[in-house]
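# Coordinate analysis (summary)
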Amino acid sequence: MTRWLAGLPLLFAMVGPALAHKASDGFVYLDTTKEPSQLRIDVALRDLALVVPLDANGDRQVTSDELNRARGDITRYLEQGVQLKAGSQNCRLVGQDWGLSRHSDGPYAALRYQVRCPSDAGPDQLRYDLLFEVDSLHRGLIQQTDGDQEQLAVLGPDDQILSLDADGRGWFSVFADFLQQGIWHLLLGFDHLLFLLVLVLPATLARHQSTREPKVLRSRLWELAGIVSSFTVAHSITLGMTVLGLVHPPSGPVEIIIALSIAVTAINLFFPILGHRTWKIAFGFGLVHGFGFASVLEELTHGTSEKVLALAGFNLGVEAGQLLILAVIFPLLYAISRYRLYQRAAVPAIALVVTVISLYWATQRFAALPMMS
């Protein structure tokens with residue numbers, strides 16, 4: 001227990017980047033319906049601050065004056081990182097509008113351009129190379145509209161180029177992109193991982209020491225299946241409702257509730273204020289976590305015909321990431337659960353650390369509410 005407590009400062013340092021649930025994403029909206037094509041680029045101010053000196057006086061606040069002074073640096077960086085081509089020739093970006101947009105995780109710099117290409121056919125290739133040099137987990141979320149045809153894509157450091165021929169990109173490519181995005185969203189969502197951990201712990205605690213081992217394992221697997229199924233059904237409901245536009249909960253309070261749900265679930269291990277049926281807890285809080293999963297997907301798929309396909313791929317990706325995590329941690333915890341030290345020391349220590357981290361997240365997210373609004 002002393003070693004766990006001594007490691008808390010290090011854990012706080014590790015979880016600091018995970019204060020905001022939403023991953024680092026840039027949004028690119030390209031409309032090639034008419035000539036000239038229209039391009040809009042949205043990048044979070046918190047991400048731009050990593051590569052552009054926004055906070056001139058170092059007070060950790062970005063004022064409108066500081067933002068206006070940094071406008072040249074911002075536009076140069078974005079125009080260098082988002083490039084369009086027609087054949088082998090580069091297209092020229094002609095600035096139209098500059099300002100701020102609001103996404104679920106706070107303010108974004110938003111720039112709108114006309115795309116002037118040497119060819120009358122318009123751009124046929126887009127290259128996205130923003131922020132990869134400082135964050136390899138950053139992703140560019142691309143939405144292209146060409147008349148009645150639309151396509152969605154996710155670009156990363158290993159796949160920076162998108163063909164803009166809508167006929168050349170089938171439904172499977174869109175599905176695969178968002179399947180991968182769902183997997184990464186789960187694996188890199190530290191709050192969801194901690195929630196899965198405290199949900200799994202009850203299924204690893206021995207209750208019948210005299211029962212034969214195969215029967216114990218079977219019972220625990222059934223309990224785990226019920227917990228995972230409840231969580232999956234719950235977050236799928238709210239994820240789908242949000243992406244389909246049926247509900248629009250504010251992101252800030254949702255992120256606070258997600259953090260508090262982890263702490264309450266950890267505390268419930270030893271003070272069962274919510275009862276002993278973990279599957280009910282997984283379902284109830286899973287509804288809230290679904291809103292967190294939807295933060296990226298809703299913004300990109302709004303107004304597109306491919307939202308159902310993207311939703312299916314993203315949701316299955318989340319499930320695949322969840323099963324991958326469980327395939328690693330459950331056998332490990334089950335193997336050591338027979339030892340008394342695990343039940344009397346390790347589990348309480350894990351619950352304590354998770355509770356403290358989650359309450360820390362909740363405090364930080366509450367403090368960030370004014371900035372997000």
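Just so it is clear, the model here is predicted, and its values are computed rather than measured. (Residues numbered from 1 in each chain as written. Predicted model: local features only at pLDDT ≥ 70, side-chain atom pairs only at ≥ 80, totals over all residues. Heavy atoms only, no water.)

### Regarding the environment of Tyr342
- If you trace the backbone, Tyr342 turns up in helix H12 (residues 340-367).
- On the basis of relative accessible area, Tyr342 is assigned to the buried category, the value being 4%.
- Taking the C-alpha atoms as reference points, Tyr342 and Thr204, 138 residues apart in sequence, are found 9.8 Å from one another.
- Not counting residues within four places of it along the chain, the set of residues in contact with Tyr342 comprises Leu201, Thr204, Leu205, Leu333, Ile336, Ser337, Val347 and Pro348.
- Within the structure, Tyr342 has its side chain in polar contact with the side chain of Thr204 (distance 2.6 Å). (Helix = DSSP H or I, 4+ residues; strand = E, 2+ residues; numbered from the N terminus. Buried < 20%, exposed > 50% of the residue type's maximum accessible area, 1.4 Å probe, protein only. Contact = heavy atoms within 4.5 Å. Polar contact = N/O pair within 3.5 Å; in protein donor to acceptor, adjacent residues only side chain to side chain.)

### So, the sheet that holds strand E7 (residues 125-128)
- Spatial strand order, E4-E3-E7-E10: four strands in an open sheet with antiparallel pairing. Looking along the sheet, the strands with just one partner apiece sit at the ends: strand E4 (89-90) and strand E10 (161-163).
- Two strands pair when backbone bridges link them, and strand E3 (residues 82-86) and E7 are joined in this way by four bridges, in the antiparallel orientation. Bridged to Lys85 within E7 is Gln125. (Pairing = 2+ DSSP bridges.)

### Describing the nonpolar core
- Within the largest apolar cluster, 54 residues are counted, with the highest numbers of intra-cluster contacts made by Phe178, Leu239, Leu297 and Val354.
- For Leu297, the residues in contact, after removing those within four places along its chain, are Phe178, Leu239, Val243, Ala310, Leu311 and Phe314.
- Formed by 34 residues, the second largest nonpolar core is a distinct cluster that contains Leu45, Leu67, Val115 and Leu130. (Core = buried A, V, L, I, M, F, W, Y, C linked by side-chain atoms within 4.5 Å.)

### Focus on the packing of aromatic side chains
- One pass over the full model with this rule turns up six aromatic pairs.
- Ring geometry for Tyr128 versus Phe132: centroids 5.9 Å apart, planes at 65°, classification edge-to-face.
- A network of ring pairs unites the aromatic residues Phe27, Tyr29 and Tyr108 as a single cluster. (Phe/Tyr/Trp six-rings, centres within 6.5 Å; stacked < 30°, edge-to-face > 60°.)

### Some points on a nonpolar patch on the surface
- Taken together, Val233, Ile237, Met241, Leu244, Leu246, Phe283 and Val308 make up a surface patch of nonpolar side chains, about 590 Å² in accessible area.
- With three residues, the single largest contributor to the nonpolar patch is helix H8 (residues 213-243).
- With respect to the element layout, Val308 can be found in helix H11 (residues 307-336).
- With relative accessibility at 54%, the residue Val308 sits in the exposed group. (Patch = residues over 30% accessible without salt bridge, like charges linked within 9 Å, V, L, I, M, F, W, Y side chains within 5 Å. Areas by Shrake-Rupley, 256 points an atom, 1.4 Å probe, with all protein chains shown as cover. Salt bridge = Lys/Arg side-chain N within 4 Å of Asp/Glu carboxyl O.)

### What to know about the packing of helix H7 (residues 190-204) against helix H9 (residues 251-268)
- Taken N-terminus to C-terminus, the directions of H7 and H9 make an angle of 25°; their axes are 9 Å apart at the nearest point. Considering their axes alone, H7 and H9 lie roughly parallel with respect to each other. In this structure, H7 crosses over H9, and the sense of that crossing is left-handed. Mapping the contact onto sequence places Asp191, Leu194, Phe195, Val198 and Leu199 in H7 and Glu255, Ile258, Ser261, Ile262, Thr265 and Ala266 in H9.
- Here the contact of H7 with H9 is built from residues that sort into seven nonpolar, two polar and two charged. (Axes fitted to C-alpha atoms, helices over the stretch in contact; angles between N-to-C directions. Parallel < 35°, antiparallel > 145°, perpendicular 65-115°, else oblique. Left-handed = near helix turned anticlockwise from the far one by under 90°. Nonpolar A, V, L, I, M, F, W, Y, C, P; charged D, E, K, R; others polar.)

### Description of the pattern of salt bridges
- Across all of its chains, the model carries seven salt bridges by this definition.
- A salt bridge links Asp47 to Arg46; the nearest nitrogen and oxygen atoms lie 3.9 Å apart.
- Owing to a relative accessible area of 35%, Arg46 belongs among the partly exposed residues under this scheme.
- Here Arg112 ties to Asp97 by a salt bridge, and the two come within 3.6 Å at their closest N and O atoms. Of this pair, Arg112 sits in strand E6 (residues 106-116) while Asp97 sits in strand E5 (residues 92-103), and the two are 15 residues apart along the sequence.
- Classification of Arg112 as partly exposed rests on a relative accessible area of 36%.

### What about the state of the cysteines?
- Per the stated rule, a full pass over the model turns up one disulfide.
- The residue that forms a disulfide with Cys91 is Cys117, at a sulfur-sulfur distance of 2.0 Å. Note on the Cys91 and Cys117 pair: the S-S dihedral is about 100°, so by sign convention the disulfide is right-handed. With Cys91 in the loop between E4 and E5 and Cys117 in the loop between E6 and E7, the pair connects residues that are 26 residues apart, well separated along the chain. Each member of the pair Cys91 and Cys117 is classed as buried. (Disulfide = S-S within 2.5 Å.)

None of the figures reported here should be taken as evidence of function without further support.
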